Amino acid sequence: MIRFARVLSLLAAVGWTGPTLAESDRWGSVDVRLMGYRPNIDAEFPSATPYRDAFGGDRGWMFRLSLGKNIWNEIGTLEYTIGTGYFEKYGEGRSPNDPTVTAATAFKVVPLSVGLSYRFDWLQRRFGVPLAPYARAAFERYNWWILGGNEIAEVNGRSGVGATHGISVTGGLAIELDFLHPEMAMEMDADTGINDTYVFIDFTKSFIDDFGRRRSFDLSDEQIAVAGGFLFAF
Amino acid sequence: MLRRILPLILALLPLAGVRAQTPASGEVLAGDTNDLVGNALYINRAECQGSGPGGDDPLTLNWQAQAESGQTLSNGNEYVVKISTDPQCAQSQTDPFIHTVTLIDDDSLVINGSAGGVSGTGAESGVTDSRLTGRNLASVMNLGACNADERIYICIELMNGGTLVGVARSGGIDVDVNAPPAPEITDVAPQDGALDVFWTSQGGGAVAYQILVRPPDPPSVTDVGDVSRHLVTGLTNNSQYQITMIALDAARNASGESGAFPGIPIPITDFWEGYSAQQGKELGGCSSAGAGSALGILAAMVARRRRRGTR
């Protein structure tokens, strides 16, 4: 704890001591993130592993983009957010007649989300400490589709297309980059309206299983997902 | 909407073949819908022989004659079509391959202006004449045996009382009667309801291929471009098919059929099938009961906050 306090004071000492020009009005934020993802589809089976059989054991990458609108920014910033993203994983389907014969199969997801985010950037704005812990809770809708070869997979008239809903909670730490070059940050604010630029790392626990509905995929991540990216407050 | 679409249409017009192009001053553009490659014009073996579908269709000419020095173009000029091995269609006692075809008196010639009253251009589009078939052109050029390649040219000469007043010339028409050799099928790999066909070209100017699938008989034919692999879909699993191929050159001369290669499509279990086979509980589609409730609550919260904000 003492060490953390020293780091804070050091960052405050080397950091920006407060803008000399008035910053532009704050509207909200946008963030782009890349995170590992592997749906927990196989969890519903006692021993079968259809997802692993098709796509292997590796995690894939999910890209996310979200936009936040300020609704309160007294002690920290509270925003409601909307977001989207993309995930795809390609694997191999195999013939039961001849296992050496394979064809591509793919699982693709476009997540949509609405949520609330709180970013404790008060220290940064009040004292120039470039650290902002944050948290977010979101309602998620994962639109997914499955390809067999190049076409939408189909079994007995049921096409491999659907959507699964759930929630996610995120906690993370954002490091404001403006202290590296305060003058440039102020210029960017004047030119583009971007008040602050952050790099962040966060951790997300998702529960994407149609709220426990019996006839749905479990698209929750198998584990707590680690994400990194950039956030621009404007 | 039209404003948005019009530029796209105009951009695509050059792809629609030579019939839609406007010739430059002094140029003849000949159109032949049977060719495979861009603006180059060919008379292939079938057209040379006047056989096969469309083989005896006449060419369509678009031209814009440039007035000769000191001459003025006018409506009512008679024009002749010359076919020659010489790009200028020059009259020469030593050139045995100058032939003229006098076409109808033209009273719809469009005169596109003049400079100082002594020059100008006259354009004509969509000119067809039953004599302008590939078979006739090859015949008058002593190529009627259809066993030799040659490049010939078409020139339009506008005459006024026996005086040459304007000309337009083509960029050349290739009489191409030699078909490429058939490709060699190297593999036919089974896929789910499909066969993945691989082949190698044997040269000879092949620019496109046809894949023939039997049964049925006559075979179903799939046209593909200058590639070396194609997935033939829509087949029945566990049924044997015979695959053969034909190569086509730019003039659409067709090779003979390649040797047959057998193939049997087989079922392949994709992820959705594998999941369903394990009695997975997801059935596809959107399950919206819980989601609808959550969205409703969220929408109500936002609406309530907005109402407060407007008071």
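Quick note: structure is the one above.
Residues numbered from 1 in each chain as written. Chains lettered and ligands numbered in written order. Predicted model: local features only at pLDDT ≥ 70, side-chain atom pairs only at ≥ 80, totals over all residues. Heavy atoms only, no water.

A. Expanded view of empty space enclosed by the protein. Residues and elements named next belong to chain A. This structure, assessed with the given rule, holds three cavities of 30 Å³ or more. Taken as a whole, the largest cavity spans an internal volume of roughly 170 Å³. If you go around the largest cavity, you meet 14 residues; those closest to its centre are Arg-33, Arg-64, Ser-113, Arg-136 and Glu-140. Across the lining of the largest cavity, the residue classes tally to three nonpolar, seven polar and four charged. If you add up the space inside the second largest cavity, you get close to 80 Å³. (1 Å grid on protein atoms, 1.4 Å probe; cavity = no way out; pocket = protein on both sides within 12 Å on 5 of 7 lines; lining within 4 Å. Points joined across faces, edges and corners; volume = space filled by probe spheres on them. Nonpolar A, V, L, I, M, F, W, Y, C, P; charged D, E, K, R; others polar.)

B. Molecular detail of the pairing of strand β5 (residues 131-148) of chain A. Residues and elements named next belong to chain A. Relative to β5, strand β4 (residues 102-119) runs antiparallel, the two being bridged by 15 bridges. When the bridges of β5 are listed, Arg-119 appears paired with Tyr-134. As defined by bridge partners, β5 adjoins strand β9 (residues 161-176) across 15 bridges and the pair is classed as antiparallel. Looking at the pairing, Phe-139 lines up with Ile-167 of β9. Pairing of β5 with strand β6 (residues 151-152) involves two bridges; the strand directions are antiparallel. Note on β6: the bridge partner recorded for Leu-147 is Ile-152. Counting the residues between successive antiparallel strands, the hairpin from β5 to β6 contains two residues, one of them, Gly-149, with a positive phi of roughly 70°. (Pairing = 2+ DSSP bridges. Helix = DSSP H or I, 4+ residues; strand = E, 2+ residues; numbered from the N terminus.)

C. Spatial organisation of a nonpolar patch on the surface. All names here are of chain A. Judged by side-chain polarity, Leu-173, Ile-175, Ile-201, Phe-203, Ile-224 and Val-226 come together as a nonpolar surface patch covering roughly 490 Å² of accessible area. Counting only elements with at least two residues in the nonpolar patch, the list comes to β9 and β10 (196-208). In this structure, Phe-203 sits in strand β10. By relative accessible area, Phe-203 is classed as partly exposed at 42%. (Patch = residues over 30% accessible without salt bridge, like charges linked within 9 Å, V, L, I, M, F, W, Y side chains within 5 Å. Areas by Shrake-Rupley, 256 points an atom, 1.4 Å probe, with all protein chains shown as cover. Salt bridge = Lys/Arg side-chain N within 4 Å of Asp/Glu carboxyl O. Buried < 20%, exposed > 50% of the residue type's maximum accessible area, 1.4 Å probe, protein only.)

D. View of the sheet that holds strand β17 (residues 261-263) of chain B. Residue and element names in this part refer to chain B. Taken in spatial order, the four strands line up as β14-β13-β16-β17 in an open sheet, and their pairing is antiparallel. Edge positions in the open sheet fall to β14 (220-224) and β17, since each of these has one partner strand only. For this sheet, the mean inter-axis angle between neighbouring strands, taken without regard to orientation, is 30°. When strand β13 (residues 206-214) meets β14, the two strands line up antiparallel, connected through five bridges. Opposite Leu-212, over in β14, you have Val-221 as the bridge partner. (Axes fitted to C-alpha atoms, helices over the stretch in contact; angles between N-to-C directions.)

E. How the structure looks around the state of the cysteines. Residues and elements named next belong to chain B. Applying the stated criterion to the full structure yields one disulfide over all chains. Covalently, Cys-48 is tied to Cys-146 through a disulfide, its sulfur atoms 2.0 Å apart. One quick way to see it: the torsion about the S-S bond of Cys-48 and Cys-146 is about -95°, and its sign makes the bridge left-handed. Placement of Cys-48 in helix α2 (residues 45-49) and of Cys-146 in the loop between α3 (134-140) and β8 (150-160) is noted, with a sequence separation of 98 residues between them. Across the pair, exposure class does not vary: Cys-48 and Cys-146 are buried alike. (Disulfide = S-S within 2.5 Å.)

F. Quick peek at the pairing of strand β3 (residues 77-94) of chain A. All names here are of chain A. Sheet analysis places strand β2 (residues 60-72) next to β3, joined by 10 bridges and oriented antiparallel. When the bridges of β3 are listed, Gly-68 appears paired with Thr-81. Hairpin connection between β2 and β3: a loop of four residues separates the two successive antiparallel strands, and Gly-76 in this loop has a positive phi of roughly 90°. Here β3 pairs with β4 via 16 bridges, running antiparallel. By the bridge assignment, Thr-77 is partnered in β4 with Arg-119.

G. Region of interest: the packing of aromatic side chains. All chains considered together, the criterion is met by 23 aromatic pairs over all chains. A ring pair is formed by Phe45(A) and Tyr275(B), whose centres lie 5.6 Å apart and whose planes are at 80°; its orientation type is edge-to-face. Linking Phe45(A) in the loop between β1 (28-37) and α2 (50-55) with Tyr275(B) in helix α4 (residues 271-277), this pair reaches from one chain into another. Judged by relative accessible area, which is 10%, Phe45(A) ranks as buried. The buried category is assigned to Tyr275(B), whose relative accessible area is 0%. With a centroid separation of 6.1 Å and 50° between ring planes, the pair formed by Phe271(B) and Tyr275(B) is classed as tilted. Of the two residues, Phe271(B) and Tyr275(B) are both situated in helix α4; the distance of four residues between them amounts to about one turn of the helix. Exposure remark for Phe271(B): the relative accessible area of 1% places this residue in the buried category. By way of ring pairs, the aromatic residues Phe45(A), Tyr51(A), Phe55(A), Phe107(A), Trp144(A), Phe217(A), Phe271(B), Trp272(B) and Tyr275(B) are connected into one cluster. (Phe/Tyr/Trp six-rings, centres within 6.5 Å; stacked < 30°, edge-to-face > 60°.)

H. Layout of the interface of chain B and chain A. Residue-level contacts link 31 residues of chain B with 45 residues of chain A. Both faces combined, the contact of chain B with chain A buries some 3,100 Å², and carbon together with sulfur accounts for 66% of it. Counting only elements with at least two residues in the side of chain B that touches chain A, the list comes to β11 (184-191), α4, β18 (285-286) and α5 (289-310) of chain B. Of the residues belonging to the side of chain B that touches chain A, the class tally is 13 nonpolar, 13 polar and five charged. (Contact = heavy atoms within 4.5 Å. Buried area = accessible area lost by both parts, 1.4 Å probe.)

I. The environment of Leu123(A), seen in detail. Secondary-structure assignment places Leu123(A) in helix α3 (residues 122-127). Along the sequence, Leu123(A) and Gly76(A) sit 47 residues apart, while their C-alpha atoms lie 8.3 Å from each other.

J. Structural view of unusual backbone geometry. All names here are of chain B. For the peptide bond that leads from Arg-214 to Pro-215, omega is -10°, which places it in the cis range. Mapping Pro-215 onto the fold places it in the loop between β13 and β14. In this chain, Pro-215 is followed by Pro-216 through a cis amide linkage whose omega measures 10°. Mapped onto the fold, Pro-216 is located in the loop between β13 and β14. Not every positive phi belongs to a glycine, and Arg-252 is a case in point at roughly 70°. Here Arg-252 shows up in the loop between β16 (241-249) and β17.

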